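Structure at a glance
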Amino acid sequence: MDGTVQQQMAQADAQREAVIRVRGLRNQFGQQVVHDDLDLDVWRGEVLGIVGGSGTGKSVLLRTIVGLNTPAAGSIEVLGVDVLNGPEEDRRRIERHWGVAFQDGALFSSLTVLQNVMAPLREHTGISEKLMEALGALKISLVGLPQLSCGKFPSELSGGMRKRAALARALSLDPEIVFLDEPTAGLDPIGAAAYDELIGELQQALGLTVFMVTHDLDSLYAICDRVAVLAEKRVLVEGPIEDMTKVDHPWVKEYFTGPRARAAQQKGQDR
Ligand SMILES: Nc1ncnc2c1ncn2[C@@H]1O[C@H](COP(=O)(O)OP(=O)(O)OP(=O)(O)O)[C@@H](O)[C@H]1O
């Protein structure tokens, strides 16, 4: 890379706001080192797709950023707050600014959909029951679920509906950042495309920053502004998806230039 390109990239970086800044992250379980000296910036308003081979630590990275896993070393800032070593009240405050939808939904099975969506409001705000119910119902309709689903239990929903309910819960506090762990896994292609469209629409309408762990090439081409590839225990490469085909790394090459990638790219262009 020549000096001018480097300068232009540095300038572009300086103009963007990193809502998540990870530096020198190390995650280790016993002898197994999952991340070593991992750096990542997530820019405000983007949809960032996190990809990588199975076991490269995509979910561990997500879980570490939202405080569900304590790393061995490194620093993580979310919206300017040091979430690992900062004061507890700052951490609590910042938790209100993000929402997480886990792969299996992770809904409370003994609560109805509406009660699930109200749970973060109950935990983090002092608003009345009536207002909580109204806001919860609003989020449920925002993700395209019928109002009839408010009173259903998670076990009474289809897999796709559970994912939407989990998204409604993730949106309950009007977050700035949404974390999605394999949101389209297990959905049929039509359901997955509809979910991608929903995320794209919500991101635009609400100005969300979306951190999305995914294996789904269709999602990457449909809605991601940038992609970060985890390999060799770190973010090996990050950038617009078009740039990934030029990366000289066996996994990246196979993933982004294989037949599935070509089909996904074509679909993305046809949309
Ligand atoms: N709590 C834990 N204790 C021990 N090992 C763990 C723990 N959590 C994750 N790991 C290990 O860390 C590695 C990375 O796991 P992770 O779930 O982040 O992978 P991934 O990239 O999301 O994989 P996949 O694409 O298959 O979902 C795996 O080898 C996993 O076994």
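Everything here concerns the structure above.
Right, let's walk through the structure included here. (Residues numbered from 1 in each chain as written. Predicted model: local features only at pLDDT ≥ 70, side-chain atom pairs only at ≥ 80, totals over all residues.)

1. Some remarks on the overall build of the protein
Assigned secondary structure in the protein consists of 11 helices and 10 strands. Expected size for 271 residues packed as a compact globule is a radius of gyration near 18 Å; at 19 Å, the protein falls within 12% of this value. Its C-alpha atoms give the protein principal-axis dimensions of about 60 × 45 × 40 Å. Taking all 271 residues of the protein together, the buried fraction comes to 38%. Considering only intrachain contacts with a sequence separation of at least 6, the fraction spanning at least 24 residues in the protein is 64%. (Helix = DSSP H or I, 4+ residues; strand = E, 2+ residues; numbered from the N terminus. Rg over C-alpha atoms; globule rule 2.2 N^0.38 Å. Buried ≥ 20, exposed ≤ 12 C-beta atoms within 10 Å, placed from the backbone. Contact = placed C-beta atoms within 7 Å.)

2. Points about the sheet that holds strand β2 (residues 32–43)
The strand order β2-β1-β4-β5 describes an open sheet built from 4 strands, whose pairing is antiparallel. Since the sheet does not close on itself, it has two edges, and those belong to β2 and β5 (81–82), each with one partner. The pairing of strand β1 (residues 18–29) with β2 spans 8 bridges and is antiparallel. If you follow F29 over to β2, its bridge partner there is Q32. (Pairing = 2+ DSSP bridges.)

3. Thoughts on the site of the ligand
Around the ligand sit F29, V34, G52, S54, G55, T56, G57, K58, S59 and V60, and that is every residue in its neighbourhood. No other element matches helix α2 (residues 58–65), which puts 3 residues into the shell around the ligand. Residues belonging to the shell around the ligand are distributed by class as follows: 3 nonpolar, 6 polar and 1 charged. (Near = placed C-beta within 6 Å. Nonpolar A, V, L, I, M, F, W, Y, C, P; charged D, E, K, R; others polar.)

4. Quick word on the sheet that holds strand β9 (residues 226–231)
The mixed open sheet is built from 6 strands, whose spatial order is β6-β7-β8-β3-β9-β10. Strands with a single pairing partner mark the edges of an open sheet, and in this sheet they are β6 (98–101) and β10 (234–239). Taken over all neighbouring pairs, the strand axes of this sheet differ in orientation by 20° on average, direction set aside. (Axes fitted to C-alpha atoms, helices over the stretch in contact; angles between N-to-C directions.)

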